[in-house]
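Read off the chains here:
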Amino acid sequence: PRAAYGDFNGNGRPDVLLGDADGDFFIAEHDGGSWNTIWFSENEYRLGREFVEAGDFDGDGRDEIAVGFRTGDDDVIPFWYFAILRVGPNNSTDVVWSMQFHGVTESAQYGSFTRIQNSLTAGNFDDDPALELVISTFPELYVVDQSANGTGFDITWQYPLANTDAVTIADFDGNGIAEFAMATPDSVMFFERDLPYRGPDPPREVTAVYQDASTVRIAWVADPSSPPQYRLYRGTSPASMELTGTFNGVVGATDPTLEAGEEYIYAVTALDPAKDPQESPRVYSRPLRPHDTPTVERISYVNEGQLRIEVSQDMGSVLPSPQRFLLNGTREPESVALLDQRTLLLSFGVLEDGRYGLDMRGLRDAEGIPFADRSHGPFDVVNPVLNECYVERVEYRPPRSFDVWFNQPIDPVTGAVPGNYEFQPVGYAQFAAVDPADARHVTLEIAEGNAIGALGREYVLKVRNVLCSSGAMIGDGPGSTAGVILNRQTLDDVFVYPNPLKPEHAQDFITFANLTPRATIRIYTLSGIFIAEVVEDDGNGGVEWDLRDEHGRLVPSGVYVYRAAGTNSAGEEVDPVLAKFAIIR
């Protein structure tokens, strides 16, 4: 049987409400030494032990009790009865609200009528002090609340065909407004009253940037309407957050206590003692999984113009920008390729014999942890006197063409075979032609229908079985591959794909493409409410959005507006673009 607890008669002593199988109800009170029955109601009903609840249903600061039962088997038309009762100082009771619920019929799912398990739940999910009573009578659900004039009670909301026997009330999304959740045979449904939020506006975004392997800088964007007071939380998940500090007039904090192998997530709230609630909902950072500081383990000269960089940590699948590297402090590589998750290939065109040093500026691994050293070397470059042939550089020519340059003239027969050129991840070339004026130059075309451009992908050209004039054959070794990073210098051709996003696409993200090397996408509803922001900063011309708002919640179906702003390769701002996309779930 269930039990309800409170001080029902207002004498300061704890009371417990119980029911039994035939609809009898008892209130027992503890006098400091023993329990004594102070109220008793004897009935010839059914299932009373399952339906007892207590709460301040009229908002006067004292708990009332709520009970429910089913009439007996000998009734011509059985029904359910629910009531709210007030217990007086002399332990007498008054019924302040009651109702009979008819039409609770036999259910094939639950078996006979007597096996139907309804429910009774109390909680507060509006903005007044009085609790609501949620009653589930198969298959309907009702919400009973104090009337607007405070003189009685009304059914304020009804949900048909709820088919539930389990309801719970809590602030599940942390926005300061309680929801009630009900379990159905195949899902859980959440409901929240459309109440105006009166608390402080939360920070707009929370970023977590590693300063080193054990230190992270947490920063947030303050809302202009909020007071400059914030709380910072840390935990391993949104369910395990602990307060780490309160800040006045600052929008950032540093945590130097990260440990390798652990997981962390941060959240920030705004505080305003003059508002109710005083604290805003939490805005979360990305999850952090710190590990040992990434280091360069080896730099080796592969062949003319190419350096192989082996590192200690996973670099992920995103190509670092060539701007992250400087050879002898002045020269950027022409291209960067990932041979595997821990090996980079830098192509500089031609490198003369000599001693070199490599500076790395802002290079980070896949987790975002910066490399320990900025300068590496010296190392020697010695070009062997061999008849080696390799790819020097690859240039993109929209919409589907590429210019490939080799270090020496190539055979016009093998160089014109499209199958000798593979662009990963889109496939083989459809057309190949050796430039008759300069046999070091080959023009390639990709078949129509392949998505080529600044799409947020890293393209790698792999060349095989091409014979060079020296007699050397380009095979599968170093020199046969070259990375291609595509981006745009304006935002004139920005687009979203897929658009609209449909269930048959079977993916939980969209891509913003044809972006400049650095760009910011801000996403809004049609009414102008900010949803989320994504940033393109790796130079590949595209960035994905995971369809979640700034609080980490999936957005519903609808039409959305985005604003793209960015800078070109020279760091100059370009004209922003405003456009729409759609999501169909």
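All of these numbers come straight from a predicted model, not from anything done at the bench. (Residues numbered from 1 in each chain as written. Predicted model: local features only at pLDDT ≥ 70, side-chain atom pairs only at ≥ 80, totals over all residues. Heavy atoms only, no water.)

S.K.: Honestly, the overall build of the protein chain in this entry has me stumped. Any pointers?
M.R.: Across its full length, the protein chain carries zero helices and 45 strands. Taking 25 Å as the expected radius of gyration for a compact globule of 585 residues, we find that the protein chain reaches 34 Å, considerably beyond that expectation. Over its C-alpha atoms, taken along the principal directions, the protein chain stretches across nearly 110 × 50 × 40 Å. The contacts of the protein chain with a sequence gap of at least 6 include a subset with a gap of at least 24, amounting to 52%. Carbon and sulfur atoms provide 49% of the accessible area of the protein chain, an area that totals close to 27,600 Å². When the 43 basic and 89 acidic side-chain charges of the protein chain are each reduced to a single mean position, those positions are 6 Å apart. (Helix = DSSP H or I, 4+ residues; strand = E, 2+ residues; numbered from the N terminus. Rg over C-alpha atoms; globule rule 2.2 N^0.38 Å. Contact = heavy atoms within 4.5 Å. Areas by Shrake-Rupley, 256 points an atom, 1.4 Å probe, with all protein chains shown as cover. Lys, Arg positive; Asp, Glu negative; His and termini not counted. Charge placed at Lys NZ, Arg CZ, Asp CG, Glu CD.)

S.K.: Would you mind showing me how to read the side chain of E536 here?
M.R.: Looking at the element boundaries, E536 is found in strand β42 (residues 530-536). Despite its burial, E536 pairs with no opposite charge, the nearest such side chain being R518 at 8.4 Å. A polar side-chain atom of E536 sits 3.1 Å from the main-chain amide nitrogen of G541. Excluding its chain neighbours within four sequence positions, the residues that come into contact with E536 are L515, T516, P517, R518, A519, G541, G542 and V543. (Buried < 20%, exposed > 50% of the residue type's maximum accessible area, 1.4 Å probe, protein only. Salt bridge = Lys/Arg side-chain N within 4 Å of Asp/Glu carboxyl O. Polar contact = N/O pair within 3.5 Å; in protein donor to acceptor, adjacent residues only side chain to side chain.)

S.K.: For this particular structure, what's the right way to read the packing of aromatic side chains?
M.R.: Both the distance between ring centres and the angle between the ring planes are used here to describe each pair of aromatic rings. Applying the stated criterion across every chain yields a total of 26 aromatic pairs. When the ring centre of Y233 is taken as origin, the NZ or CZ atom of R282, which lies over that ring, is 4.3 Å away. (Phe/Tyr/Trp six-rings, centres within 6.5 Å; stacked < 30°, edge-to-face > 60°. Lys NZ or Arg CZ within 6 Å of the ring centre and 35° of its normal.)

S.K.: Hey, could you run me through the sheet that holds strand β7 (residues 80-87) in this one?
M.R.: Working definition: the strands of a sheet are paired by backbone hydrogen bonds and lie parallel or antiparallel to each other. Sheet architecture is open: four strands sit in the order β5-β6-β7-β8, paired in antiparallel fashion. Either end of the sheet is taken by a strand with one partner, and the two such strands are β5 (52-55) and β8 (93-101). With strand direction ignored, the average angle separating the axes of adjacent strands in the sheet is 20°. (Pairing = 2+ DSSP bridges. Axes fitted to C-alpha atoms, helices over the stretch in contact; angles between N-to-C directions.)

S.K.: Could you clarify how one ought to interpret the sheet that holds strand β41 (residues 518-525) in this entry?
M.R.: Spatially, the four strands line up as an open sheet ordered β42-β41-β44-β45, and their pairing is antiparallel. Sheet topology places β42 and β45 (577-583) at the edges, where each strand pairs with a single neighbour. Each strand of the sheet is rotated relative to its neighbour by a mean of 25°, with strand direction disregarded.

S.K.: What exactly am I supposed to notice about the state of the cysteines here?
M.R.: For the structure shown, the criterion picks out one disulfide. Covalently, C389 is tied to C468 through a disulfide, its sulfur atoms 1.6 Å apart. Handedness of the C389-C468 disulfide follows from its S-S torsion of about -80°: it is left-handed. Placement of C389 in the loop between β29 (375-381) and β30 (391-397) and of C468 in the loop between β36 (466-467) and β37 (473-474) is noted, with a sequence separation of 79 residues between them. Judged on exposure class, the residue C389 and its partner C468 are both buried. (Disulfide = S-S within 2.5 Å.)

S.K.: When you look at a negative patch on the surface in this model, what are you seeing that I'm missing?
M.R.: A cluster of acidic side chains, namely D171, D173, E192 and D194, defines a negative patch on the protein surface. Position of E192 among the secondary structure elements: in the loop between β15 (187-191) and β16 (206-212). (Patch = residues over 30% accessible without salt bridge, like charges linked within 9 Å, V, L, I, M, F, W, Y side chains within 5 Å.)

S.K.: Please explain the nonpolar core as it appears in this structure.
M.R.: Buried together is how nonpolar side chains tend to be arranged in soluble globular proteins. Among the nonpolar cores identified, the biggest contains 28 residues, and V394, F406, I410, Y421, L444, L461 and V463 are the most heavily contacted of them. Every element with two or more residues in this core is listed here: β30, β31 (401-406), β32 (421-424), β33 (427-434), β34 (441-446), β35 (459-463) and β38 (481-484). Among all residues touching V463, those that are not within four sequence positions of it are V391, F406, N420, Y421, I474, G475 and S480. L491, F512, A564 and F581 belong to the second-largest nonpolar core, a separate cluster that totals 24 residues. (Core = buried A, V, L, I, M, F, W, Y, C linked by side-chain atoms within 4.5 Å.)

S.K.: Would you mind going over the side chain of T71 with me for this structure?
M.R.: Assignment of secondary structure puts T71 in the loop between β6 (64-70) and β7. The contact partners of T71, leaving out residues within four places of it in the chain, are Y45, R46, P78 and F79.

S.K.: What exactly am I supposed to notice about a nonpolar patch on the surface here?
M.R.: A contiguous nonpolar surface patch, about 310 Å² in accessible area, is contributed by F172, V188 and F190. Tracing the backbone through its elements, the reader meets F190 in strand β15.

S.K.: Please clarify how the pattern of salt bridges should be interpreted in this entry.
M.R.: Where charged atoms from two side chains of opposite charge come close, those side chains can pair. In the structure shown here, the tally under the stated rule is 20 salt bridges. The closest approach of N and O atoms between D126 and R193, which form a salt bridge, is 3.1 Å. Of this pair, D126 sits in the loop between β9 (119-123) and β10 (132-137) while R193 sits in the loop between β15 and β16, placing them 67 residues apart in sequence. On the basis of relative accessible area, D126 is assigned to the buried category, the value being 13%. The salt bridge involving R440 is made with D438; its shortest N-O contact spans 3.2 Å. The class for R440 is partly exposed, based on a relative accessible area of 28%. Judged by its relative accessible area of 21%, D438 falls in the partly exposed class. Through salt bridges with shared partners, a single network forms among D126, D145 and R193.

S.K.: Would you mind going over the pairing of β34 with me for this structure?
M.R.: On a regular strand, one side chain projects to one face of the sheet and the next to the other, so that they alternate. With respect to burial, β34 is a largely interior element, five of its six residues being buried. Where β31 lies against β34, five bridges are found, and the strand directions are antiparallel. Within β34, the position partnered with D403 by the bridge is T443. Inspection of the sheet shows β33 paired to β34 by five bridges, in the antiparallel sense. Note on β34: the bridge partner recorded for A429 is I446. Here β33 folds back onto β34, and the loop between the two strands holds six residues.

S.K.: Help me understand unusual backbone geometry in this model?
M.R.: Cis geometry marks the peptide bond from D276 to P277; its omega dihedral reads 5°. With respect to the helices and strands, the residue P277 is situated in the loop between β21 (265-270) and β22 (283-284). The peptide bond linking Y497 to P498 adopts the cis configuration, its omega dihedral lying at -10°. Even without glycine at this site, N514 takes up a positive phi of about 60°. Its place among the elements puts N514 in the loop between β40 (510-513) and β41. Phi at L547 is positive, roughly 65°, even though this residue is not glycine. With respect to the element layout, L547 can be found in the loop between β43 (543-545) and β44 (558-567). In this structure L547 comes out as buried when scored by relative accessible area, which is 1%.

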